[in-house]
Amino acid sequence: MLTKQQIRYCLDKMGEMFPNAHCELVHRNPFELLIAVVLSAQCTDALVNKVTKRLFEKYKTPEDYVAVPLEELQQDIRSIGLYRNKAKNIQKLCAMLIEKYNGEVPKDRDELMKLPGVGRKTANVVVSVAFGIPAIAVDTHVERVSKRLGFCRWSDSVLEVEKTLMKKIPKEEWSITHHRMIFFGRYHCKAQSPQCHVCPLLDLCREGKKRMRKRDENSAGAK
DNA sequence: AACTCGGGGCA
DNA sequence: TGCCCAGAGTT
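Just so it is clear, the structure is predicted and the values come from calculations on it, not from any experiment. Each chain carries its own residue numbering, running from 1 in the written order of its sequence. All chains are assigned letters beginning with A, and all ligands numbers beginning with 1, in the order in which they are written. Local features are withheld for residues below a pLDDT of 70 in this predicted model, meaning they are given only at 70 or higher, and side-chain atom pairs are given and counted only at 80 or more; totals for whole chains, interfaces and linings count all residues. As a rule here, side-chain values come from all non-hydrogen atoms in the structure, and water together with hydrogens is ignored.

(A) Geometry of the protein's contact with DNA strand B. We call a residue near a molecule or strand when any one of its heavy atoms sits within 4 Å of it. The local shell around DNA strand B consists of Gln42, Leu47, Lys50, Arg78, Ser79, Gly81, Leu82, Tyr83, Arg84 and Asn85. Among the atoms of DNA strand B lying within 4 Å of the protein, the sugar-phosphate backbone contributes 73%. One nitrogen or oxygen atom from the main chain of Gln42 is found 2.7 Å from a base nitrogen belonging to DNA strand B. Those elements that place two or more of their residues in the surface near DNA strand B are helix H3 (45–58) and helix H6 (83–100). Sorting elements by how many residues they give to the surface near DNA strand B places H6 first, with three residues. Nonpolar residues are Ala, Val, Leu, Ile, Met, Phe, Trp, Tyr, Cys and Pro. Charged residues are Asp, Glu, Lys and Arg, and all others, Gly as well, are polar. Residues belonging to the surface near DNA strand B are distributed by class as follows: three nonpolar, four polar and three charged. Pairs of N or O atoms are called polar contacts if they sit within 3.5 Å, as long as, within protein, a hydrogen donor faces a hydrogen acceptor (for residues adjacent in sequence, only side-chain-to-side-chain pairs). By definition, any uninterrupted DSSP run of H or I lasting at least four residues is a helix, any uninterrupted run of E lasting at least two residues is a strand, and each is numbered from the N terminus.

Now the structure itself:
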């Protein structure tokens, strides 16, 4: 496991690599963000943005989503994977917002997680991006990068990864941190092809050094 | 902890 | 055409 100082160094480097790291989902208010993040599960942000661009012209409020037949909403988001379930969840979610939350998006993470289709990752993104509440949303990028670099243990569950990161990173940096780590994971420390050979963090990265050793052995064996 | 739910993008 | 993308809910 890396020390707090080493982790800080890593995060600073990620900030230099991705100075414009931010939430890529299109949204103009907390409600639109919530819808966009629910849609983004198991799906790329680019694809979600394509759909929400049209979607948000047609649907402005929770009432708008429950006013149409389920089949119509499903058709409107059809180009997204898992669209049948997501459409159902969104209608149920909107009904709950109207009934229990006065049509507003709750600012509390645990309240958000009671909504269908909203898990811990989604709830953390919403509170941090929409309401500026410090939170670290652990998606597959954050988890993979944390484990490779040694921010946490390999055996940590998603929840344990989040707890460990919160312990090791100053609270006021949680939100920017998860955006940096997501960009770093998506564009550099990729799942199948991490760019270890040009990585400024290689010296600190146990997994990266292991991979580079393996690569050297393979190229030597090939000769 | 393992499984299921999927269409879009790319090679 | 087949692989990669990337969470929530259930058992």
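(B) Fine view of the packing of aromatic side chains. What counts as a ring pair is set by centres within 6.5 Å for rings of Phe, Tyr and Trp (its six-membered ring), and what kind of pair is set by the plane angle: stacked under 30 degrees, edge-to-face over 60, tilted for all other angles. Overall, the coordinates contain five aromatic pairs when judged by the stated rule. Ring centres of Phe18 and Tyr187 lie 6.3 Å apart, and the angle between their planes is 35°; on these two criteria the pair is classed as tilted. Residue Phe18 is located in the loop between helix H1 (4–17) and helix H2 (30–39), and its partner Tyr187 is located in helix H11 (residues 174–187); the two are separated by 169 residues in the primary sequence. Note on classification: 1.4 Å probe, protein chains only; a residue is buried when its accessible area is under 20% of the maximum for its type, exposed when over 50%, partly exposed between these limits. The class of Tyr187 is partly exposed, set by a relative accessible area of 41%. One aromatic cluster in this structure is built from Phe18, Phe183 and Tyr187.

(C) Examining the pattern of salt bridges more closely. Any carboxyl oxygen of Asp or Glu that lies within 4 Å of a side-chain nitrogen of Lys or Arg is treated as forming a salt bridge with it. Tallied over the entire structure, the rule returns 15 salt bridges. Close ionic contact of Glu16 with Lys13 constitutes a salt bridge, the shortest N to O distance being 3.7 Å. Residue Glu16 and its partner Lys13 are both found in helix H1; the two are separated by three residues, about one turn of the helix. Assessed through its relative accessible area of 22%, Lys13 is described here as partly exposed. A salt bridge links Arg28 to Glu32, with the nearest nitrogen and oxygen atoms 3.4 Å apart. Residue class for Glu32 comes out buried when judged on its relative accessible area of 4%.

(D) Representation of the UniProt feature "domain: HhH-GPD" (unreviewed entry) in chain A in the model. UniProt positions are given in the numbering used here, feature names are shortened, and annotations may be inferred rather than shown by experiment. When the UniProt feature table is mapped onto this chain numbering, "domain: HhH-GPD" (unreviewed entry) sits at residues 39–187. For the annotated span residues 39–187, helix accounts for 65% and strand for 0% of the residues, and the straight-line distance between the end C-alpha atoms is 21 Å.

(E) View of the packing of H2 against H3. Only the stretch in contact is used when a helix axis is fitted, and all axes are lines through C-alpha atoms; the angle between N-to-C directions ranges over 0 to 180 degrees. Remark: H2 packs on H3, axes separated minimally by 10 Å, with the N-to-C direction vectors making an angle of 140°. Between H2 and H3, the crossing angle belongs to the class labelled oblique. Considering only the axes of H2 and H3, their crossing is right-handed. Here Glu32, Ile35, Ala36 and Leu39 of H2 lie close against H3, whose contacting residues are Val48, Thr52, Leu55 and Phe56. Looking at side-chain class alone, the contact of H2 with H3 contains six nonpolar, one polar and one charged residues. Angle categories are assigned with fixed cut-offs, so that under 35 degrees is roughly parallel, over 145 is roughly antiparallel, 65 to 115 is roughly perpendicular, and the rest are oblique. By definition, turning the near helix anticlockwise from the far helix through less than a right angle yields a left-handed crossing, and turning it clockwise yields a right-handed one. Throughout, a residue-residue contact means that at least one pair of heavy atoms, one from each residue, lies within 4.5 Å.

(F) Here's a closer look at the UniProt feature "binding site: [4Fe-4S] cluster" (unreviewed entry) in chain A. Mapped onto this structure's residue numbering, the UniProt feature "binding site: [4Fe-4S] cluster" (unreviewed entry) falls at Cys189, Cys196, Cys199 and Cys205. The named residues occupy 17 residues along the chain; their greatest pairwise C-alpha distance, 11.1 Å, places them in one compact cluster. Within the element layout of this structure, Cys189 appears in the loop between H11 and helix H12 (206–222). The exposure class assigned to Cys189 is buried, which follows from its relative accessible area of 8%. Setting aside chain neighbours within four positions, we find Cys189 in contact with Arg144, Val145, Arg148, Phe184 and Pro194. In this structure Cys196 comes out as buried when scored by relative accessible area, which is 11%. In contact with Cys196, not counting residues within four places along its chain, are Leu202, Gly208, Arg211 and Met212.

(G) Main features of the protein's contact with DNA strand C. The local shell around DNA strand C holds 18 residues, among which Gln42, Gly117, Lys121, Thr122 and His141 are the closest. In the environment of DNA strand C, a phosphate oxygen lies 3.2 Å from a nitrogen or oxygen atom belonging to the backbone of Gly119. Within the side chain of Lys121, an N or O atom sits 3.1 Å from a phosphate oxygen of DNA strand C. For the surface near DNA strand C, the secondary structure elements donating two or more residues are helix H8 (120–131) and helix H9 (140–149). No other element matches H8, which puts three residues into the surface near DNA strand C. Split into classes, the residues belonging to the surface near DNA strand C amount to seven nonpolar, seven polar and four charged.

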